[in-house]
Amino acid sequence: MKIINKRKTKKWSKLLPYLSLYIMCLTSCTSVTNANVSNNADSTFESQAEEDVIVSLPISEIEEQEETELNFQEECLDEPTTPNIQILEETEDEVVEERKLVALTFDDGPSRYTNELIEILNENDAHATFFLIGQNISANSDAVINAYESGNEIAIHTYSHTSFTNMTIEEVLSEIDTTRSIIEELGVEPANLVRPPYGSINSELVENINASLILWNVDTEDWKSRDVESIKVEVYDAISEGDIILFHDAYPTTIEAIRELLPELSDEYEFVTVSELFNRQNVELENHVKYYRYK
Ligand SMILES: [Zn+2]
């Protein structure tokens, strides 16, 4: 590309090739700046181009002028793209590294509110573990499949929700097996995790139940308060990295609390299943062991 000066000479024909090149240069630079450069950069360059039009130089200095203009154009082409891409990549890396893992758990479902809860989890890129009551499954089996297919974890909370300590060991094992079978009939593979109703468990049961026993370290008491603000306060007062938080997807107030909590907390916390909470730390959950939280 070339720039011409505007000094009149007797031989106009000599200037014609330069004039056409000058028009090409202006067209090229204008399209580049429109596509890639901010408004400020645009106006700076156009001012420079206007100055070029009124400047008058002897022919002998044209080569020097051309070189200066080419350097300017190269800077103009190089500047807009590279720095912006680097800034975006650094920002994404920081967000991923800083989030703390917390497991959300929902007991006593499935219920007629479970599908709504799954939708909220999906919207917030969150996952949870559902501890199901066997006798509730047939009325809301679609929610179990929906939860599983959305990447959540399905686990066992017994068939009748009777306290383990009020049953014989044979009855407890039978309830666990029955519930597992009902889940498998839906084409869902349950995790080998059991949550004892009311958290009632003793060492004899731990020895005999061939699964990991998942308790919790944060109890929202959502079943008792049935109040959105109270549930939120329980979470905010307690939440920290590695928590296993207990909710029940049997109450609309719990669903509303989750709807408000997840967007508020998702910048700092990543909500995952119980298995993922441990797996992401390279810890394998063992059978015949009670877990209250990670760490
Ligand atoms: Zn329960």
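See the structure above.
Everything in this summary refers to the structure shown in the same document. In this text the structure is predicted, and so the values were computed from the model without any measurement. (Residues numbered from 1 in each chain as written. Predicted model: local features only at pLDDT ≥ 70, side-chain atom pairs only at ≥ 80, totals over all residues.)

### Focus on the overall build of the protein
Next up, step 1: Scanning the protein from N- to C-terminus turns up 12 helices and 9 strands.
Next up, step 2: Burial statistics for the protein: of 295 residues in total, 32% are counted as buried.
Next up, step 3: For the protein, the proportion of contacts with a sequence separation of at least 24, taken over those separated by at least 6, is 77%. (Helix = DSSP H or I, 4+ residues; strand = E, 2+ residues; numbered from the N terminus. Buried ≥ 20, exposed ≤ 12 C-beta atoms within 10 Å, placed from the backbone. Contact = placed C-beta atoms within 7 Å.)

### Some remarks on unusual backbone geometry
Across residues other than glycine, the phi torsion is negative in most instances, and most of the peptide bonds are trans.
Next up, step 1: Cis rather than trans, the peptide bond between Gly109 and Pro110 has omega equal to 0°.
Next up, step 2: Mapped onto the fold, Pro110 is located in the loop between strand E1 (100-109) and helix H5 (114-123).
Next up, step 3: Even without being a glycine, Asp125 presents a positive backbone phi close to 55°.
Next up, step 4: Structurally, the position occupied by Asp125 is in the loop between H5 and strand E2 (129-132).

### A short note on the environment of Val194
Next up, step 1: The topology assignment puts Val194 in strand E4 (residues 193-194).
Next up, step 2: Residue class for Val194 comes out buried when judged on the 26 C-beta atoms lying within 10 Å of it.

### Let's talk about the pairing of E1
Next up, step 1: A large share of E1 lies buried, amounting to 8 of its 10 residues.
Next up, step 2: Sheet topology places E1 next to strand E8 (residues 269-272); 4 bridges connect them, and they run parallel. Each residue of the ladder has a partner; that of Val102, found in E8, is Phe271.
Next up, step 3: Examined bridge by bridge, E1 and E2 share 4 bridges and lie parallel to one another. For Thr105, the partnering residue across the bridge sits in E2 and is Thr129.
Next up, step 4: The handedness of the E1 to E2 crossover, carried by H5, is right-handed. (Pairing = 2+ DSSP bridges. Right-handed = clockwise from strand over helix to strand, strands pointing away.)

### Side note on the nonpolar core
Next up, step 1: Among the nonpolar cores identified, the biggest contains 55 residues, and Ala103, Leu104, Phe130, Leu132, Val194 and Ile245 are the most heavily contacted of them.
Next up, step 2: Among the elements that line this core, the one with the most residues is helix H11 (residues 252-265), at 5 residues.
Next up, step 3: Residues contacting Ala103, with those up to four places away along its chain left out, are Thr129, Asp243, Ile244, Ile245, Val272, Thr273, Val274 and Leu277. (Core = buried A, V, L, I, M, F, W, Y, C linked by C-beta atoms within 7 Å.)

### Here's the deal with H5
Next up, step 1: The set of residues buried in H5 consists of Thr114, Leu117, Ile118 and Leu121. Mapping the buried residues of H5 onto a view down its axis gives an arc of 100°, with all of them on the same face.
Next up, step 2: Looking at the buried positions of H5, the neighbouring elements they touch are E1, helix H6 (141-149) and H11.
Next up, step 3: Directly after H5, the chain includes Asp125, whose backbone phi takes a positive value near 55°. (Arc of directions from axis to C-beta.)

### What about the environment of Val102?
Next up, step 1: Here Val102 lies in strand E1.
Next up, step 2: The buried category is assigned to Val102, around which 24 C-beta atoms lie within 10 Å.
Next up, step 3: For Val102 and Val274, which are 172 residues apart along the polypeptide, the C-alpha to C-alpha distance reads 8.4 Å.

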